[in-house]
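The residues making up each chain are set out below.
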Amino acid sequence: MSQATLMDGTGLARRIVDETAKRAADLTGRTGVTPCLATVLVGEDPASVTYVRMKQNRSRKAGIASRHVPLPATTTTAELITTLTELSADPAVHGILLQHPMGHHIDERAAFEAIAPEKDVDGVTLASFSAMSFGLPGFSSCTPGGIIRLLDEYDVDPAGKRAVVVGRSAILGKPVGLLLLGRDATVTYCHSRTPAADLSSVVREADIVVAAVGRPRLIRGEDIKPGAVVVDAGYNAGNVGDVDFDSARERASLITPVPGGVGPMTIATLLSQTVEAAVRQTVA
Ligand SMILES: Nc1nc2c(c(=O)[nH]1)N[C@@H](CN(C=O)c1ccc(C(=O)N[C@@H](CCC(=O)O)C(=O)O)cc1)CN2
């Protein structure tokens, strides 16, 4: 079989950011309101610092203002909730991003819930999760939303397909499975406690594989069903995904590279949802 076609997240994300920039400029021209994304970072984890900086840089290119709130690693859950409540009440802020992960001492769920649903452009609140689960309007979690957009771009219709999601995190694995279910896929979840033999047998049956467990090269080409669509949403040190790319691309029909696949789509979705939030919050 020939090698899989690459799903180009970088190119699609660039087009989404260009469209987002036009929408932002239109809003600013019509109303004088500049969309504003507040980024909140607890501590100085190097990867998180990089991701937040990427979000700020791309926001600037899209005509979105950033308000950065760096907090010390010692910040308590109560202090973080106070910051997020203030940002939620600030009319100049349209979207709020709380970078994950935070320190183990922080109650992440309580912190995310302090974000007003209408400003939850990262799709992390229970309100956003429930809306997404029921197919109601709301903001999707950014990486899952970006993955579905990428599948659409490459005419991958999940309806009737067997999809496996490897991973069950609140911001990635769980929601992407629900979005695929919403598109009528037959979804199975595997995760870090799934025995290796079960993982292998489930992946072997899957038409769509979404790897989101954070284990470098866990998914091997020998387990990929010939012609399957493979989406690698793993972020591991050294820009290594959860899929063994070289062996998987020999069997897949479509595959996302790392870097250049799902990652750029995450940020493009965040920016697009920020401008959408600003439009909804602006009485023209
Ligand atoms: N609150 C959130 N926290 C986290 C999220 C999220 O969506 N919301 N996702 C990940 C990390 N992440 C954004 O925060 C992220 C990771 C990677 C990329 C990306 O574009 N990666 C590039 C490579 C980057 C490089 O060159 O260094 C790629 O894949 O091409 C974007 C966003 C965890 N936390």
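So, how was this worked out
- Residues numbered from 1 in each chain as written.
- Predicted model: local features only at pLDDT ≥ 70, side-chain atom pairs only at ≥ 80, totals over all residues.
- Heavy atoms only, no water.
- Near = heavy atom within 4 Å.
- Polar contact = N/O pair within 3.5 Å; in protein donor to acceptor, adjacent residues only side chain to side chain.
- Areas by Shrake-Rupley, 256 points an atom, 1.4 Å probe, with all protein chains shown as cover.
- Helix = DSSP H or I, 4+ residues; strand = E, 2+ residues; numbered from the N terminus.
- Domains from an automatic or database assignment.
- Pairing = 2+ DSSP bridges.
- Axes fitted to C-alpha atoms, helices over the stretch in contact; angles between N-to-C directions.
- Core = buried A, V, L, I, M, F, W, Y, C linked by side-chain atoms within 4.5 Å.
- Buried < 20%, exposed > 50% of the residue type's maximum accessible area, 1.4 Å probe, protein only.
- UniProt positions renumbered as here; feature names shortened; annotations may be inferred.
- Contact = heavy atoms within 4.5 Å.
- Lys, Arg positive; Asp, Glu negative; His and termini not counted.
- Salt bridge = Lys/Arg side-chain N within 4 Å of Asp/Glu carboxyl O.
- Right-handed = clockwise from strand over helix to strand, strands pointing away.

Every one of the 18 residues lining the ligand counts as a neighbour, but Lys55, Leu98, Gln99, Asp122 and Gly260 are closest to it. At 3.4 Å from an oxygen atom of the ligand is found a main-chain nitrogen or oxygen belonging to Gly263. Here the ligand has 680 Å² of accessible area as a free molecule, and 83% of this is covered by the chains. Only α2 (46-61), β4 (95-98) and α10 (262-281) provide two or more residues apiece to the shell around the ligand. Top element by residues in the shell around the ligand is α10. It accounts for four residues. When we break the shell around the ligand down by domain, the ones giving at least three residues each are domain 1 (32-116) and domain 2 (141-262).

To continue, consider the sheet that holds strand β3 (residues 65-71). If you walk across this open sheet you meet the three strands as β3-β2-β4, and the pairing is parallel. Edge positions in the sheet fall to β3 and β4, since each of these pairs with one other strand and no more. Pairwise comparison of adjacent strand axes, ignoring direction, gives a mean angle of 15° for this sheet. Pairing between strand β2 (residues 36-42) and β4: four bridges, direction parallel. From the neighbouring strand, Thr39 faces β4, where its bridge partner is Leu97.

Moving on, we get to the nonpolar core. Here is a general trend for soluble globular proteins: nonpolar side chains tend to be buried in one another's company. Membership of the largest hydrophobic core comes to 41 residues, with the highest contact counts inside it found for Ile147, Leu151, Leu180, Val210, Val229 and Val231. Contributions of two or more residues to this core are made by α1 (9-31), α6 (142-153), β5 (162-166), α7 (173-182), β7 (208-211), β8 (229-232) and α10. Residue contributions to this core peak at eight residues, all from α10. Composition of this core by domain shows at least three residues from each of domain 1 (32-116) and domain 2 (141-262).

Another point: the UniProt feature "binding site: NADP(+)" (unreviewed entry) in the chain. UniProt's feature table lists "binding site: NADP(+)" (unreviewed entry) at Gly167, Arg168 and Ser169, given in the numbering used throughout. Mapped onto the secondary structure, Arg168 falls in the loop between β5 and α7. Among all residues touching Arg168, those that are not within four sequence positions of it are Gly173, Lys174, His191, Ser192 and Arg193. A polar contact of 3.5 Å, which involves the side chain of Arg168, links it to the side chain of His191. Residue placement: Ser169 occurs in the loop between β5 and α7. Overall, the relative accessible area of 33% leaves Ser169 in the partly exposed class.

A word on the UniProt feature "domain: Tetrahydrofolate dehydrogenase/cyclohydrolase catalytic" (unreviewed entry) in the chain. The sites that carry the UniProt feature "domain: Tetrahydrofolate dehydrogenase/cyclohydrolase catalytic" (unreviewed entry) are, in the present numbering, residues 7-122. End C-alpha atoms of residues 7-122 are separated by 23 Å, and the span's content is 50% helix alongside 16% strand.

Let us look at the side chain of Asp242. Note that Asp242 resides in the loop between β8 and α9 (245-248). Summary of buried charges: Asp242 has no salt-bridge partner, and the nearest side chain of opposite charge, Arg215, is 8.2 Å away. Looking at Asp242, its side chain comes within polar contact range of the main-chain nitrogen of Val213, at 2.7 Å. A polar contact is formed between the side chain of Asp242 and the backbone nitrogen of Gly214, at a distance of 2.8 Å.

Bringing the pairing of β2 into the picture now. Taken across its seven residues, β2 has seven buried, putting it largely inside the fold. The pairing of β2 with β3 spans seven bridges and is classified as parallel. Pairing of Leu41 across the sheet is with Pro70, part of β3. In this fold, the crossover linking β2 to β3 by way of α2 has right-handed handedness.

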